[in-house]
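# Examining the three-dimensional arrangement
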Amino acid sequence: MNIIDGKKLASDIREELSREVQEILRSGGRAPHLAAVLVGADPASQVYVRNKVRSCEKVGFRSTLVQKPADITESELLAIVDGLNRDESVDGFIVQLPLPRHINEEKITLAIRPDKDVDGFHPVNFGRMAQGLPCYLPATPAGILEMIRRYEIPTDGKEVVVVGRSNIVGTPISILLSRKAYPGNATVTMCHSRTKGLAAHIHRADILVAAIGSPEFIRGDMVKPGAVVIDVGMNRVEAPGSETGYRLCGDVDFESVAPKASLITPVPGGVGQLTVVSLLVNTLKAARREVYRD
Ligand code: GUN
């Protein structure tokens, strides 16, 4: 069993990005600029957004944090999105989800200009991804692809089982690993809460992607010996006696699965590390007008 070192991969990629920024600055250009909109005070969202801003600083990107109270109206938020769409100094921006219940997330996502949608959540980017056209890939699937590439994990003809069908992980990673490319050319089964015989599907997987949102759901006896196990879960579970009172864990029970897997991602220190750098990669593409040319 080998553990995929997400921290090292992320730090390698950040170094590459820093070098690219230096190159841009040397040739008279300006640093890529990411803006993030955070509405309300959800503690998890605050941590995520803080990480995104801090990562920008690490690689020499410019970042702007727009923080608004939870009682902002939908039209006020739409006006902010419109301002960022028009602001030529901003290469790409994100609106952190979830939003308060009185705001329609779909309406906000649709209002973001696709060429600035570095989250890859706009249906134009999702549709382009599905058709294999240039687009911003959503950050978590992009991070998984990069992990597969850098660890040179074979995917051609492999049985991939994805557990979870969300728009931001399960569905896009299923599409991406089925496409005619590397990583890809796999036979993908996407499982979800209504799947019958889930354990049998999981047991067939050469590569298992767990994006369920259920702490330590996947146990050692469910996994084929030698499988590659990619854990996308990020769950907080109570841990009485620990400093914070909780611990982070994935959708995979690491203790029992790791001895059976040929390669496995830990939580924390696995996929999550790459998610943030993928957002930076998209922002650099936006700054270079690589996806949507003028
Ligand atoms: N909430 C959880 N993950 C994400 C993400 O990748 N982007 C945004 N905008 N919100 C999120």
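Residues numbered from 1 in each chain as written. Predicted model: local features only at pLDDT ≥ 70, side-chain atom pairs only at ≥ 80, totals over all residues. Heavy atoms only, no water.

### Section: the site of the ligand
The cut-off we apply is this: Being near a molecule or strand, for a residue, means having at least one of its heavy atoms within 4 Å of it. Throughout this description, a polar contact denotes any pair of N or O atoms lying within 3.5 Å of each other; where both atoms belong to protein, one of them has to be capable of donating a hydrogen while the other can accept it, and for residues adjacent in sequence the pair is counted only when both atoms sit in side chains. Per-residue and other accessible areas were derived by the Shrake-Rupley procedure at a 1.4 Å probe size, with only the shown protein chains allowed to occlude residues. Lys, Arg, Asp and Glu make up the charged group, whereas Ala, Val, Leu, Ile, Met, Phe, Trp, Tyr, Cys and Pro make up the nonpolar group; the residues left over, Gly among them, are polar.
In the vicinity of the ligand, the contacting residues are Lys52, Val95, Gln96, Leu97, Asp119 and Phe121. Valine 95 places a polar main-chain atom, nitrogen or oxygen, 2.8 Å from a nitrogen atom of the ligand. About the coverage of the ligand: the protein hides 80% of its 280 Å² of free accessible area. Looking at the shell around the ligand residue by residue, the classes come out as three nonpolar, one polar and two charged.

### Side note on empty space enclosed by the protein
Here is the rule: Definitions used throughout: a 1 Å grid over protein atoms alone; a cavity as a set of points that fits a 1.4 Å probe which cannot get out; a pocket as an open set with protein on both sides within 12 Å along at least five of seven lines; a lining residue as one with an atom within 4 Å of a point. Grid points are joined across faces, edges and corners, and a volume is the space filled by probe spheres set on the points.
Going through the model one piece at a time under the given rule, you end up with one cavity of 30 Å³ or more. Volume-wise, the largest cavity comes out at about 60 Å³. Along the walls of the largest cavity sit Val95, Leu97, Ile108, Thr109, Ile112, Asp117, Asp119 and Phe121, which together make up its complete lining. Looking at side-chain class alone, the lining of the largest cavity contains five nonpolar, one polar and two charged residues.

### Concerning the packing of helix 6 (residues 139–150) against helix 7 (residues 170–178)
What counts is decided by this rule: Every axis in this analysis is a line fitted to C-alpha atoms, fitted for helices over the stretch in contact. Angles between the N-to-C directions lie between 0 and 180 degrees. Going along the chain from the N terminus, every DSSP run of H or I of four or more residues is numbered as a helix, and every run of E of two or more is numbered as a strand. Oblique is the label for any angle not under 35 degrees, not over 145, and not in the 65 to 115 range, which are roughly parallel, roughly antiparallel and roughly perpendicular in turn. A crossing counts as left-handed when the near helix is turned anticlockwise from the far one by less than a right angle, and as right-handed when that turn is clockwise. Between two residues, a contact is recorded if the distance between any of their heavy atoms is within 4.5 Å.
Where helix 6 contacts helix 7, the axes come no closer than 9 Å and their chain directions differ by 40 degrees. Relative to helix 7, the element helix 6 is oriented oblique. Considering only the axes of helix 6 and helix 7, their crossing is right-handed. On the side of helix 6, the interface is formed by Pro141, Ile144, Leu145 and Ile148, while helix 7 contributes Pro172, Ile173, Leu176 and Leu177. Among the residues forming the contact of helix 6 with helix 7, the class breakdown is eight nonpolar, no polar and no charged.

### Details of the nonpolar core
Short version of the rule: What is meant by a nonpolar core is a set of buried Ala, Val, Leu, Ile, Met, Phe, Trp, Tyr and Cys residues, joined one to another through side-chain atoms within 4.5 Å. With a 1.4 Å probe rolled over the protein chains alone, any residue whose accessible area is under 20% of its type maximum counts as buried; one over 50% counts as exposed, and the rest are partly exposed.
Ranked by internal contacts, the top residues of the largest apolar core, which has 51 residues, are Ile144 and Ile230. Per-element tally for this core: the top contributor is helix 10 (residues 271–287), with seven residues. When residues no more than four places from it in sequence are discounted, the contact partners of isoleucine 144 are Ile173, Val209, Ile230, Val232 and Val271. The next biggest cluster of nonpolar side chains, apart from the first, holds 18 residues, and it includes Ala205, Leu208, Ala210 and Val223.

### Here's the deal with the side chain of aspartate 231
As a reminder of what qualifies: When charges are counted, Lys and Arg are positive and Asp and Glu negative, with His and the chain ends excluded. Any carboxyl oxygen of Asp or Glu within 4 Å of a side-chain nitrogen of Lys or Arg constitutes a salt bridge here.
Structurally, the position occupied by aspartate 231 is in strand 8 (residues 228–231). Buried charge without a salt bridge: aspartate 231, with arginine 247 as the nearest opposite-charge side chain at an N-O distance of 9.7 Å. A polar contact is formed between the side chain of aspartate 231 and the backbone nitrogen of valine 252, at a distance of 3.1 Å. Apart from the residues within four sequence positions on either side, aspartate 231 is in contact with Ala210, Gly250, Asp251, Val252, Thr265, Val267 and Val271.

### Considerations on unusual backbone geometry
Leucine 97 connects to proline 98 through a cis peptide bond whose omega is 0 degrees. Of note, proline 98 is situated in the loop between strand 4 (92–95) and helix 4 (105–111).

### With respect to the pairing of strand 6 (residues 187–191)
The condition that has to hold: For two strands to be treated as a pair, DSSP must find at least two bridges joining them. Here a crossover is taken to be right-handed if, once the strands point away from the viewer, the path from the first strand over the helix to the second is traced clockwise.
Note that strand 5 (residues 159–163) and strand 6 share five bridges and pair parallel. Looking at strand 6, one finds that valine 162 is bridged to methionine 190. This β-α-β element, strand 5 to helix 7 to strand 6, shows right-handed connectivity.

### Here we look at the sheet that holds strand 2 (residues 33–39)
One open sheet accounts for three strands, arranged 3-2-4; its pairing is parallel. Looking at strand neighbours, the two that pair on one side only are strand 3 (62–68) and strand 4, the edges of this open sheet. The mean angle between the axes of side-by-side strands here comes to 15 degrees, regardless of whether they run parallel or antiparallel. Two elements, strand 2 and strand 3, share seven bridges in a ladder whose sense is parallel. Counterpart to alanine 36 in the pairing with strand 3 is leucine 65. Here helix 2 (residues 43–59) sits on the sheet and contacts strand 2, strand 3 and strand 4; the angle it forms with strand 3, its principal contact strand, is near 160 degrees. Lying on the sheet, helix 3 (residues 74–86) is in contact with strand 2, strand 3 and strand 4; it crosses strand 2 at an angle near 180 degrees.

### A word on the side chain of serine 55
Of note, serine 55 is situated in helix 2. On the basis of relative accessible area, serine 55 is assigned to the buried category, the value being 6%. Those residues within four positions of serine 55 in sequence are excluded, and the remaining contacts are Val276 and Leu280.

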